[in-house]
Amino acid sequence: MSETLIPAADRPEKPQDGGPARRPPRSASLWSDAWYDLRRRPLFIGSAALITVLIAMAAFPRLFSSVNPFDAATCRLEDTRLGMGAAHWFGTDNLGCDVYARTIHGARNSIVVGVSTTAVTALVGGMLGLIAGFTGGALDTLVSRLAEIFFAIPSILGALLILAVFRTGNVWTVMLAMAVLTWPMTYRIMRAAVITARSQDYVLAARALGASAWRIMSRHILPNAIAPVIVVATINLGYFIAAEAGLSFLGVGLRSPDISWGLMISDARERFLEAPWALLFPAAFLSVTVLAFIMLGDAVRDALDPKLR
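Here the residue numbers are simple positions, counted from 1 along each chain's written sequence. Selection of residues for local features in this predicted model requires a pLDDT of at least 70, selection of side-chain atom pairs for listing and counting requires 80 or more, and totals for whole chains, interfaces and linings are taken over all residues. To obtain the side-chain values, all non-hydrogen atoms of the structure were included, while hydrogens and water were left out.

Draft legend 1. Structural detail: helix 3 (residues 99-135). In this description a helix means any DSSP run of H or I spanning at least four residues, a strand means any run of E spanning at least two, and both kinds are numbered starting from the N terminus. Under the convention used throughout, the expected extent of a helix is 1.5 Å for every residue step, that is, one less than its residue count. Between its terminal C-alpha atoms helix 3 stretches 53 Å, which fits the 54 Å expected from 37 residues at 1.5 Å a residue. Largest kink in helix 3: about 25 degrees, centred on G106. Polar contacts, as used here, are pairs of N or O atoms within 3.5 Å; protein pairs need one atom able to donate a hydrogen and one able to accept it. Residues neighboring in sequence count only if both atoms are side-chain atoms. The backbone nitrogen of Y100 lies 3.3 Å from a side-chain oxygen of the residue at the head of helix 3, namely D98. Remark: G136 follows helix 3 within two positions and exhibits a positive phi of approximately 70 degrees. One axis fitted to the seven residues ending at a residue, another fitted to the seven starting there: the angle between these axes is the bend at that residue.

Right, dumping it as structure tokens:
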């Protein structure tokens with residue numbers, strides 16, 4: 001067929017100067033545009049790099065410290081409240097334990113609680129918001145009233161009460177206590193996004209073509225309503241890490257022999273004037289971690305929200 005009969009828009013580009021033919025540009029989408037924008041944001045790059053280090057610290061603490069803080073033999077009473085030095089980079093605490101090793105190992109429980117609570121709230125709240133927002137009617141009313149009941153309870157106060165009653169302070173009970181009271185936030189955001197998306201033309205077209213309710217929710221509504229949930233989940237992750245530290249500081253969160261930054265701050269508060277480093281270093285790691293996740297959430301929000309571009 002003669003090349004002149006082929007529309008110019010459909011012709012493959014010819015190589016220039018003997019080089020390979022260039023591929024036509026791919027169609028843009030929200031996610032590709034967001035990733036393109038995130039890679040050029042110093043805020044995202046810096047926070048992502050810092051979070052990567054923190055996750056590596058939580059997953060492989062032995063790469064950062066050879067001291068095992070769970071071994072009682074590594075805590076020597078004659079080394080109580082020693083200052084910073086070559087033997088103990090961050091000094092020692094009230095029991096002669098190495099503060100640097102405990103800070104490194106404390107990252108695991110703090111981050112696990114934050115990540116697991118975020119995952120549970122995003123999954124439960126997101127699924128309920130998707131189903132209730134798409135279905136409407138009596139189911140939407142019932143779930144919304146239930147969410148309002150939980151939403152009216154202060155999350156920290158409610159978690160404090162739950163943990164004080166059951167008296168089982170470990171990673172999973174702290175996670176459940178916070179997740180039970182914080183899922184309504186994700187639910188309301190997902191429900192609002194689904195209600196907005198279900199009235200769009202592409203959803204009406206899918207209904208007219210005979211698509212099932214499950215296909216419409218999974219293929220058309222969920223991909224277009226998940227963006228605000230991702231943003232909120234990223235920001236909430238830092239909040240949950242701080243909340244775990246607060247609960248542990250009050251004595252109802254994680255308990256010994258577990259190690260977390262909140263526990264370390266609680267143990268060091270009584271001797272703060274004599275050994276401030278035992279409190280300042282875990283508090284600094286906690287603050288940097290929360291700040292990193294908040295900055296990451298802000299960067300993701302700016303990238304996913306077209307109105308902010």
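Still more ground to cover, so stick around.
Draft legend 2. Layout of empty space enclosed by the protein. Method remark: on a 1 Å grid restricted to protein atoms, a set of points is classed as a cavity if a 1.4 Å probe fits but cannot get out and as a pocket if it is open with protein on both sides within 12 Å along at least five of seven lines; lining residues have an atom within 4 Å of a point. Grid points are joined across faces, edges and corners, and a volume is the space filled by probe spheres set on the points. A complete count under the given rule lists one cavity of 30 Å³ or more for this structure. Reported here for the largest cavity is a volume of approximately 40 Å³. Lining the largest cavity, in full, are S155, I156, A159, M178, T182, Y239, F240 and A243. Each residue gets one label: Ala, Val, Leu, Ile, Met, Phe, Trp, Tyr, Cys and Pro are nonpolar, Asp, Glu, Lys and Arg are charged, and the others, such as Gly, are polar. Of the residues that constitute the lining of the largest cavity, the class distribution is six nonpolar, two polar and no charged.

Draft legend 3. Quick look at the environment of A87. One can find A87 in the loop between helix 2 (42-59) and helix 3. Note on exposure labels: buried denotes an accessible area under 20% of the residue type's maximum, exposed denotes more than 50%, and partly exposed covers the range between, all computed with a 1.4 Å probe on protein chains only. Taking relative accessible area as the criterion, A87 reaches 67% and is therefore assigned exposed. The spacing of A87 and D98 is eleven residues in sequence and 9.0 Å in space, taken between C-alpha atoms.

Draft legend 4. Structural context of the packing of helix 4 (residues 137-151) against helix 6 (residues 171-198). Axis definition: a line fit to C-alpha positions, over the contact stretch in the case of helices; interaxial angles, taken between N-to-C directions, run 0 to 180 degrees. Put simply, helix 4 and helix 6 touch, their axes get as near as 8 Å, and they point 135 degrees apart. With respect to helix 6, the element helix 4 is oriented oblique. Crossing angle aside, the handedness with which helix 4 passes helix 6 is left-handed. Contacts from D140, V143, S144, L146, A147, F150 and F151 in helix 4 reach V180, L181, W183, P184, M185, Y187, R188 and R191 in helix 6. A breakdown of the residues in the contact of helix 4 with helix 6 according to their chemical character gives eleven nonpolar, one polar and three charged. An angle counts as roughly parallel when it lies under 35 degrees, as roughly antiparallel when it exceeds 145, as roughly perpendicular when it falls between 65 and 115, and as oblique in every other case. Here is the rule for handedness: rotate from the far helix to the near one, and if that takes an anticlockwise turn smaller than a right angle the crossing is left-handed, while a clockwise turn gives right-handed. A contact between two residues is defined here by any heavy atoms of the two lying within 4.5 Å.

Draft legend 5. Local environment of helix 10 (residues 261-268). Burial analysis of helix 10 places seven of its eight residues in the buried class, which makes it a mostly covered element. Those residues of helix 10 that sit buried are W261, G262, L263, M264, I265, S266 and A268. Those residues of helix 10 that are buried are in contact with helix 3, helix 9 (227-249) and helix 11 (277-304).

Draft legend 6. Region of interest: a nonpolar patch on the surface. Put simply, a patch holds well-exposed residues, over 30% relative accessible area, that have no salt bridge, with like charges counted together within 9 Å and Val, Leu, Ile, Met, Phe, Trp or Tyr side chains within 5 Å. Residue burial considers only the protein chains on display, and all accessible areas are found by Shrake-Rupley using a 1.4 Å probe. The salt bridge criterion pairs a side-chain nitrogen of Lys or Arg with a carboxyl oxygen of Asp or Glu, the two atoms within 4 Å. A contiguous nonpolar patch, built from V120, L123, V124, M127, L128, I131 and L139 and spanning about 510 Å² of accessible area, is present on the exposed surface. The greatest single-element share of the nonpolar patch, amounting to six residues, is contributed by helix 3. Of note, L139 is situated in helix 4.

Draft legend 7. Highlighting the layout of surface pockets. Empty space within the largest pocket amounts to approximately 350 Å³. Around the largest pocket sit 19 residues that line it, and D93, L95, C97, R102 and D267 are the ones nearest its centre. Within the residue set of the lining of the largest pocket, elements represented by two or more residues are helix 3 and helix 10. No other element matches the three residues that helix 10 contributes to the lining of the largest pocket. Classifying every residue of the lining of the largest pocket gives twelve nonpolar, two polar and five charged.

Draft legend 8. Structural context of the environment of A152. Of note, A152 is situated in the loop between helix 4 and helix 5 (155-166). Here the alpha-carbon distance between A152 and L181, two residues 29 residues apart in the chain, equals 9.2 Å.

Draft legend 9. Molecular detail of the pattern of salt bridges. Taken as a whole, this structure holds three salt bridges when the rule is applied. Put simply, D140 and R191 hold a salt bridge, and the shortest N to O gap is 2.7 Å. Of this pair, D140 sits in helix 4 while R191 sits in helix 6; the two residues are 51 residues apart in sequence, bridging distant segments of the chain. Measuring nitrogen to oxygen at the nearest pair gives 3.8 Å for the salt bridge that ties D298 to R301. Of this pair, D298 and R301 both sit in helix 11, three residues apart, which is roughly one turn of that helix. Residue R301 is classed as partly exposed on the basis of its relative accessible area of 36%.

Remember, this is a structural readout, not a statement about activity or role.
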